[in-house]
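# Summary of structural features
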Amino acid sequence: MSRFYITTAIPYVNAKPHIGFALELVQADVIARYQRLKLGGENVYFLTGADENALKNVQAAEKEGRSTSEYVAEMSDRFRSLASALNISNNDFIRTTEQRHVKGATKLWQSCKPDDIYKKSYSGLYCVGCEQYYTEDELVDGVCPDHKVKPELVTEENYFFKLSSYQHKLEQLISNDEFKITPESRKNEMLAFIRRGLEDFSISRSRERARNWGVPVPGDDSQVMYVWFDALSNYLNALGYAANDSLYKEFWDNSGRKLHVIGKGITRFHCIYWPAMLLSAGLPLPNEVFVHGYVTVDGQKISKSLGNTVDPVELVNKYGSEPVRYYLLREIPAWEDGDYSEAKFKQRYESDLANGLGNTLSRVTNMIEKFGNGKFIQAEGVNAYTPAAASAIEIAMRSYRFEAALLAIFNVIGEIDAEIEKNKPWEMAKEEKFNDIQKLLSKWGTMLLDVSHYLKPFLPDAAKKIEDKLREHNITKAEPLFPRLN
RNA sequence: CGCGGGGUGGAGAAGUGGCAUCUCGCCUGGCUCAUAACCAGGAGAUCGCGGGUUCAAGUCCCGCCCCCGCAACCA
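Overview of the structure. (Residues numbered from 1 in each chain as written. Chains lettered and ligands numbered in written order. Predicted model: local features only at pLDDT ≥ 70, side-chain atom pairs only at ≥ 80, totals over all residues. Heavy atoms only, no water.)

### A few points about the sheet that holds strand β10 (residues 216-217)
Two modes of strand pairing occur in sheets, parallel and antiparallel, and in both the strands are linked by backbone hydrogen bonds. As a reminder of what qualifies: Strand pairing follows a simple DSSP-based rule, namely that at least 2 bridges must link the two strands. Secondary structure follows DSSP: runs of H or I at least 4 residues long count as helices, runs of E at least 2 residues long count as strands, and numbering of each begins at the N terminus.
Judged by pairing direction, the sheet is antiparallel, and its 3 strands sit side by side in the order β9-β11-β10 without closing on themselves. Unpaired on one side and paired on the other, β9 (204-206) and β10 mark the two borders of the sheet. One ladder, built from 2 bridges, connects β10 with strand β11 (residues 220-225); its direction is antiparallel. Considered in β11, the bridge of Pro-216 is made with Val-224.

### A short note on the nonpolar core
Just so we agree on the cut-off: Grouping buried Ala, Val, Leu, Ile, Met, Phe, Trp, Tyr and Cys residues that are joined through side-chain atoms within 4.5 Å yields what is termed a nonpolar core. Relative accessible area decides the class of each residue, using a 1.4 Å probe on protein chains only: under 20% of the type maximum gives buried, over 50% gives exposed, and in between gives partly exposed. Whether two residues are in contact is decided by their heavy atoms, any of which lying within 4.5 Å being enough.
Core analysis: the biggest nonpolar cluster contains 99 residues, and Leu-357 and Phe-458 have the highest contact counts within it. In terms of residues, this core owes the most to one element, helix α1 (residues 19-39), which gives 11 residues. Once residues within four sequence positions are removed from consideration, Phe-458 is found in contact with Val-30, Arg-325, Leu-329, Met-397, Phe-402, Ala-405, Leu-406 and Ile-409. Among the nonpolar cores identified, the runner-up in size contains 59 residues, and Leu-170, Leu-173, Ile-174 and Ala-276 belong to it.

### Structural notes on the pattern of salt bridges
Going by this rule: We define a salt bridge as a contact between a side-chain nitrogen of Lys or Arg and a carboxyl oxygen of Asp or Glu at a distance within 4 Å.
Counting across every chain of the model gives 36 salt bridges. With a shortest N-O distance of 3.6 Å, Asp-311 and Lys-16 are connected by a salt bridge. Here the residue Asp-311 occupies a position in the loop between β15 (300-301) and α11 (312-319), and Lys-16 occupies one in the loop between β1 (4-8) and α1, the gap between them amounting to 295 residues. Here Lys-16 falls in the partly exposed class, since its relative accessible area comes to 41%. Across the pair Arg-257 and Glu-288 runs a salt bridge, and its minimum N-O distance is 3.0 Å. Of the two residues, Arg-257 is situated in strand β12 (residues 257-263) and Glu-288 in strand β13 (residues 288-292); the sequence distance between them amounts to 31 residues. Judged by relative accessible area, Glu-288 falls into the buried class, the value being 6%. Taken together, the salt bridges that share partners define one network made up of Glu-64, Arg-66, Glu-70 and Glu-74.

### Details of the protein's contact with RNA strand B
For clarity, the cut-off: A molecule or strand has a residue near it when one of that residue's heavy atoms lies within 4 Å. In the analysis that follows, any N or O atom pair within 3.5 Å is treated as a polar contact, provided that within protein one partner can donate a hydrogen and the other can accept it, and provided that, for residues neighboring in sequence, both atoms belong to side chains.
Taken together, 45 residues are adjacent to RNA strand B, and Tyr-12, Lys-56, Tyr-122, Tyr-226 and Lys-477 come closest. Counting only atoms of RNA strand B within 4 Å of the protein, the sugar-phosphate share comes to 63%. Between RNA strand B and the protein, one listed contact pairs a sugar or linking oxygen with a side-chain N or O atom of Lys-264 at 3.3 Å. In this structure, Phe-482 approaches RNA strand B through a main-chain N or O atom, which is 2.9 Å from a base nitrogen.

### A few points about the pairing of β1
Inclusion rule: When the strands point away from the viewer and the path from the first strand over the helix to the second turns clockwise, the crossover is right-handed.
Of all 5 residues in β1, 5 are buried, a share of seventy percent or more. Because side chains alternate across β1, one face comprises the buried residues Phe-4, Ile-6 and Thr-8, and the other comprises Tyr-5 and Thr-7, equally buried. Sheet analysis places β1 next to strand β2 (residues 44-50), joined by 4 bridges and oriented parallel. Note that in β2 the partner of Thr-7 across the bridge is Leu-47. Handedness of the crossover is the feature at issue here: the chain leaves β1, passes through α1, returns alongside β2, and the resulting connection is right-handed. Bridge count between β1 and β12: 5 bridges; the pairing is parallel. Note that in β12 the partner of Tyr-5 across the bridge is Lys-258.

### Some remarks on the side chain of Thr-296
Position of Thr-296 among the secondary structure elements: in strand β14 (residues 295-297). Taking relative accessible area as the criterion, Thr-296 reaches 17% and is therefore assigned buried. Among the polar contacts listed, one links the side chain of Thr-296 to the side chain of Asp-339, at a separation of 2.6 Å.

### Some points on the packing of aromatic side chains
To be explicit about the condition: Stacked, tilted and edge-to-face pairs are distinguished by plane angle, under 30 degrees for stacked and over 60 for edge-to-face with tilted covering the rest, among Phe, Tyr and Trp rings (Trp via its six-membered ring) whose centres lie within 6.5 Å. Working rule: Lys NZ or Arg CZ, within 6 Å of ring centre, within 35 degrees of ring normal, means a charge sits over the ring.
Tallied over the entire structure, the rule returns 25 aromatic pairs. Here the aromatic rings of Phe-290 and Phe-402 are separated by 6.5 Å at their centres, their planes lie at 85 degrees, and the arrangement is edge-to-face. You can see Phe-290 sitting in strand β13 and its partner Phe-402 sitting in helix α15 (residues 402-423), a full 112 residues away along the chain. For the pair Tyr-385 and Tyr-454, a centre-to-centre distance of 4.7 Å together with 70 degrees between the ring planes defines the contact as edge-to-face. Taken together, the residues Tyr-385 in the loop between α13 (342-371) and α14 (387-398) and Tyr-454 in helix α17 (residues 434-455) connect sequence positions 69 residues apart. Looking at Tyr-385, the relative accessible area reads 7%, which means it is buried. An aromatic cluster is present here, built from Tyr-5, Tyr-45, Tyr-235, Phe-251, Trp-252 and Trp-274 joined pairwise through their rings. Between the NZ or CZ atom of Arg-268 and the centre of the ring of Phe-193, over which it lies, the distance is 4.1 Å.

What follows is the structure, given as C-alpha cells:
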C-alpha cells in the first residue's frame, strides 16, 4: 500500500493572494496529479488551506474596521477561489480557526514531551504600533523604522520549546536524507544553520499581545500559541489527528510518503521547528520538504509599496487557467527564483501554446479530416519519446524540475512539425497516396496522444481535449486550443 | 573576514574538462495542411576581470569587481 500525502503551506490571509502563492499551488498540483496517475487517485491526498490565526490578520481586519473572524473568513474564501480558478486538485482546504485544527494543535502541544515545554521570561524592544519586537540593529536611530517611536522594553513570560535538545538528531536526519530537503542548496543552508547552534524558541504569547486571537495554550488561559506552533500542526489536523481518524492513520501515521511544498522564506519553520515538534510528540516526520523560490515581477521583489503585485485570479480570468499554470511551471525555475512579466507571459503563450501545441493539433486534426476521412487509428509501436527522453522527464518530475520536464515534453511538438514539413502530406494527397498519408497521420496523432499523456499533470484540460479529439469517430479539425492573443 | 545564489551572443536561459547549446528577437530562403501559424539556413558571445593548473577550462584552483537574496520568537 503506497500512500502519498502532499501539502502546500498555509498562507496568512492579511491580503489577497498574489502570484507567488499561485506558483506554490500549481507546483503542488502537478506533483499531486502526477502521483495520482502512478498510485491511483485514492492513494493520494492533497491539502491546502489558510492560516487565520496570525496576528497580521488581526491588524489587517482592524485597518478595515472589520471583525477579525468575518475578515479572515472572507479572505480564506479568496484563497479557496484561487485554488479553484487554477484548477487545483486539492482534496481538502483547512482553515486554522476550525475546530479540528484547534483541537489538533492542542493535542500536539499536550503530546510534546513535558520537559520540552517550559516557561521563561522574555524581554525585548516592543513597538506598540507594529505590535512586534525589534532587535537593536533593526531600529533606525534607536526608533522603529515604521512609526519613528522609541520601542518599549517589554518583559513577558512565555512558554518555550526546547529546540536545543534536538540539534543533534535534526542534523543527522537532514544530512542522511531521512528527512529530505530539496533542493540540496536549501538542505545545506539548514545544516549550516543547525551547526551554528539551535536556541529554544518561544511558542506562546500573552493573550493581550496576541490581541485575544489564536489557539489557547492548554491549561493556561493567559497565553495563546505562537502562530507557527499551531499553524504547522494543520498538516496533521486536516487528516483528523485530534480524533485519530482513519485518514490520519492512512496518510500520516504509516509508512506512506509525506511531502510539504513550501516557499523559501519559511524553510526554517518546516525543516527545523516542525520536525523537532513532531519528534517531541513522538509522531512520524514528513519524508521530504520541497522548497521553491520566489516570483519576482518585472525583475523586482513583489511588494505592496512598489505596487507591483499581480493578481493571479485576474490573470486566469483574462487568459484561462492553463496558460497561467503553464507560465508558472515553464518559466519559473522550480528550484530558484523566477520572474513574471506580461511580455514574457504573452511570449510563452504565443510560441509554446498557440503556435506550438495548439497549432500542431489543428494541423494534424485538419489533415485527418481532409486527407484521412476523419479516421485516426492509433499507431502500434510508435513512441514519441525515446527511452532517454522519457527517463529525462521522469527524473525531472521526481526532482520537481517542472521547467525541465515541460521542455522535454514540448520537444516532440517541434518534431511533429518538422516531420509534417518533410513529408508534405498535401503533395501526397495530390498524388492520391492516401494509404501513406494515413500511416503518417496515425503516427503523428499517436505522438500527440503521447504528448497529452505527459501533459496531464501540467495542463489537465488541454490534455483531455487532445485525447477526446483524437478519440472521436469522425475527426474534424480541432478548434484552436489556445487562440492567439491578437 | 557573517551565509548563500548569480554574472554565457540584443533579451532570457542550459551547460561540473574535449569543436559553446536552447528559446525569443533579427536576416535570407522554402512551404501553404495549420491559430499570418510551420520548416530550413544565416548573422551575432574574446562565456564579469586578472592570474594559475592541464595536451585541453565557461567548466578545476587563487585573487578581484559587480548584482541579488538571507542573517533565529517578526510568516
